[in-house]
Amino acid sequence: MKVDGKPMRSIWVEPDGNAVGIIDQTKLPHRFETLRLTSLAEAAHAIRSMQTRGAPLIGATAAYGIALALRADPSDTALEQAYATLLATRPTAINLRWALDEMMAAVRNQPREARVAAAFRRAGEIADEDVAINAAIGRHGLALIEAIAATKPKGERVNVLTHCNAGWLATVDWGTATAPIYMAHDKGIPVHVWVDETRPRNQGAALTAWELGHHGVPHTVIPDNTGGHLMQHGRVDLAIVGTDRVTAQGDVCNKIGTYLKALAARDNDVPFYVALPSPTIDFTVDDGVAEIPIEERSAEEVTRMTGRTEDGRTETIEVVAPGSPVANYGFDVTPARLVTGLITERGVLPATREGLAAAFPERASSGRG
Ligand code: MRU
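Residues numbered from 1 in each chain as written. Predicted model: local features only at pLDDT ≥ 70, side-chain atom pairs only at ≥ 80, totals over all residues. Heavy atoms only, no water.

Digging into the domain arrangement of the protein
Taken as a whole, the protein is organised into domain 1 (2–128) and domain 2 (151–364). A separation of 24 Å is found between the C-alpha centroids of domain 1 and domain 2. Taken together, the contact between domain 1 and domain 2 spans 32 residues of the former and 33 residues of the latter. When the area that domain 1 buries against domain 2 is broken down by residue, the three leading residues are Arg53, Thr92 and Ile94, summing to 23%. Summed over the shared surface of domain 1 and domain 2, the result is one salt bridge. (Domains from an automatic or database assignment. Contact = heavy atoms within 4.5 Å. Buried area = accessible area lost by both parts, 1.4 Å probe. Salt bridge = Lys/Arg side-chain N within 4 Å of Asp/Glu carboxyl O.)

Pasting the structure below:
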């Protein structure tokens, strides 16, 4: 996508070849800053601290993290340590493990002197594949938006609700949930996005709103609890969200609060779609509620908020009664029964074991068996 008219991805190899570049997402929306990652430690820190984030981008960053680690030390021991270090950065997004396994397969059997080149090559492919996958998701999702637009009087907006940031900042390009939206907008379909702010880290208010604004897509930021009210009043035509892990039976794990939106959507007959690239499917897991590890992050993410003051300074303030205990679960699971469809690179699928297995037989067969 474009930033100030310049085409940009969310991760790249720097022109000098010595570092991997990322956008520091902790600085958005008020400051656009990029970072150079030069080591395994910096790549792991970037994922852990959420300078870079979103399931597909976590995977791509980890892939480059392996390449950076091998550049310092191409031994088997270093490779295994890098795998373990990166895998421990965030527990929920399965794209992380998928990308690390891909990297292992690409470099493990290479002689030491060939490992760095092989690692950078495979990491680059993973990034390019993500872009192609998201473009395909966009085309399949676009058809859904077009079908709704066709039922409305000409010129009337299609209202899409989204949660968190499953935009291009969360992937290498296009985004998953946002790809159909960008394509619809670019095609001249009047589309408007309700952007859940997504407390506690505000990925919606800070990142999705920033992205959509830069692309000129009409949108409105809403406090997290607003979606149900809008649905009751017929002001949401469909919801499209991203996901960090989809199980073999079609359960969907995504940013905390997604489940409540799915419940509200069901009660109001609003279609609830989930957009995902196939590396987000975990065929080794069936019951998402019971089996997916849910990340718990620090209390400070809830007790504090950081923002820009009127005179342009960045300040962090306390917003919770001092001393009150806090819980900060990063994700929740929406059972498959609440999902209208899964928008994948191979089409829009029913959120069922049969639907997923038929579309991705080569991945399904390596599942639990
Ligand atoms: O904690 P985050 O910001 O990494 O969570 C991101 C999400 O929940 C996204 O919806 C998900 O990773 C899909 S990104 C295409």
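Quick word on the pattern of salt bridges
Per the stated rule, a full pass over the model turns up 23 salt bridges. A salt bridge links Lys27 to Asp24; the shortest N-O distance between them is 3.1 Å.

A closer look at the pairing of strand β4 (residues 20–23)
Here β4 shows no split at all, with Val20 and Ile22 on one side and Gly21 and Ile23 on the other all buried. Where strand β3 (residues 11–13) and β4 come together, three bridges link them in antiparallel fashion. Within the sheet, the bridge partner assigned to Val13 lies in β4 and is Val20. Connecting β3 to the antiparallel partner β4 that follows it, the hairpin turn spans six residues, and Gly17 within it adopts a positive phi of roughly 75 degrees. Relative to strand β5 (residues 34–37), β4 is paired through four bridges, and the arrangement is antiparallel. Pairing of Val20 across the sheet is with Leu37, part of β5. (Buried < 20%, exposed > 50% of the residue type's maximum accessible area, 1.4 Å probe, protein only. Helix = DSSP H or I, 4+ residues; strand = E, 2+ residues; numbered from the N terminus. Pairing = 2+ DSSP bridges.)

Considering the state of the cysteines
According to the stated counting rule, one finds zero disulfides in the structure shown. Unpaired in terms of disulfides, Cys164 finds its nearest cysteine sulfur in Cys253, a separation of 11 Å. (Disulfide = S-S within 2.5 Å.)

Some details on the packing of helix α4 (residues 94–107) against helix α5 (residues 112–150)
Relative orientation of the contacting elements α4 and α5 amounts to 140 degrees, with a least axis distance of 9 Å. Considering their axes alone, α4 and α5 lie oblique with respect to each other. Crossing geometry of α4 relative to α5 is assigned as right-handed. For the pair α4 and α5, contact is made by Trp98, Ala99, Glu102, Met103, Ala106 and Val107 and by Arg115, Ala118, Ala119, Arg122, Ala123, Ile126 and Glu129, respectively. (Axes fitted to C-alpha atoms, helices over the stretch in contact; angles between N-to-C directions. Parallel < 35°, antiparallel > 145°, perpendicular 65-115°, else oblique. Left-handed = near helix turned anticlockwise from the far one by under 90°.)

Structural notes on the sheet that holds β3
Strand order in this open sheet of three strands is β3-β4-β5, and the pairing throughout is antiparallel. Only two strands of the sheet have a single neighbouring strand rather than two, namely β3 and β5. When strand polarity is set aside, the average angle formed by the axes of neighbouring strands in this sheet is 25 degrees. Packing against the sheet, helix α2 (residues 55–72) makes contact with β3, β4 and β5, and its axis sits at approximately 25 degrees to β3.

Topic: the layout of surface pockets
A volume near 770 Å³ is recorded for the largest pocket. As for the largest pocket, its lining consists of 27 residues, of which Thr26, Leu28, Arg201, Asn202 and Thr306 are closest to the centre. Those elements that place two or more of their residues in the lining of the largest pocket are α7 (203–215), α11 (300–303), β14 (304–308) and β15 (314–318). For the lining of the largest pocket, the leading source of residues is β14, giving five residues. Each residue belonging to the lining of the largest pocket can be placed in one class, and the counts come to eight nonpolar, 10 polar and nine charged. When residues of the lining of the largest pocket are assigned to domains, at least three map to each of domain 1 (2–128) and domain 2 (151–364). Listed by contribution, the elements that provide at least two residues to the lining of the second largest pocket are α4 and β13 (281–282). It is α4 that contributes the most residues to the lining of the second largest pocket, five residues altogether. Residues that form the lining of the second largest pocket fall into these classes: five nonpolar, three polar and five charged. When residues are assigned to domains, the lining of the second largest pocket turns out to be shared by domain 1 (2–128) and domain 2 (151–364), each giving three or more. (1 Å grid on protein atoms, 1.4 Å probe; cavity = no way out; pocket = protein on both sides within 12 Å on 5 of 7 lines; lining within 4 Å. Points joined across faces, edges and corners; volume = space filled by probe spheres on them. Nonpolar A, V, L, I, M, F, W, Y, C, P; charged D, E, K, R; others polar.)

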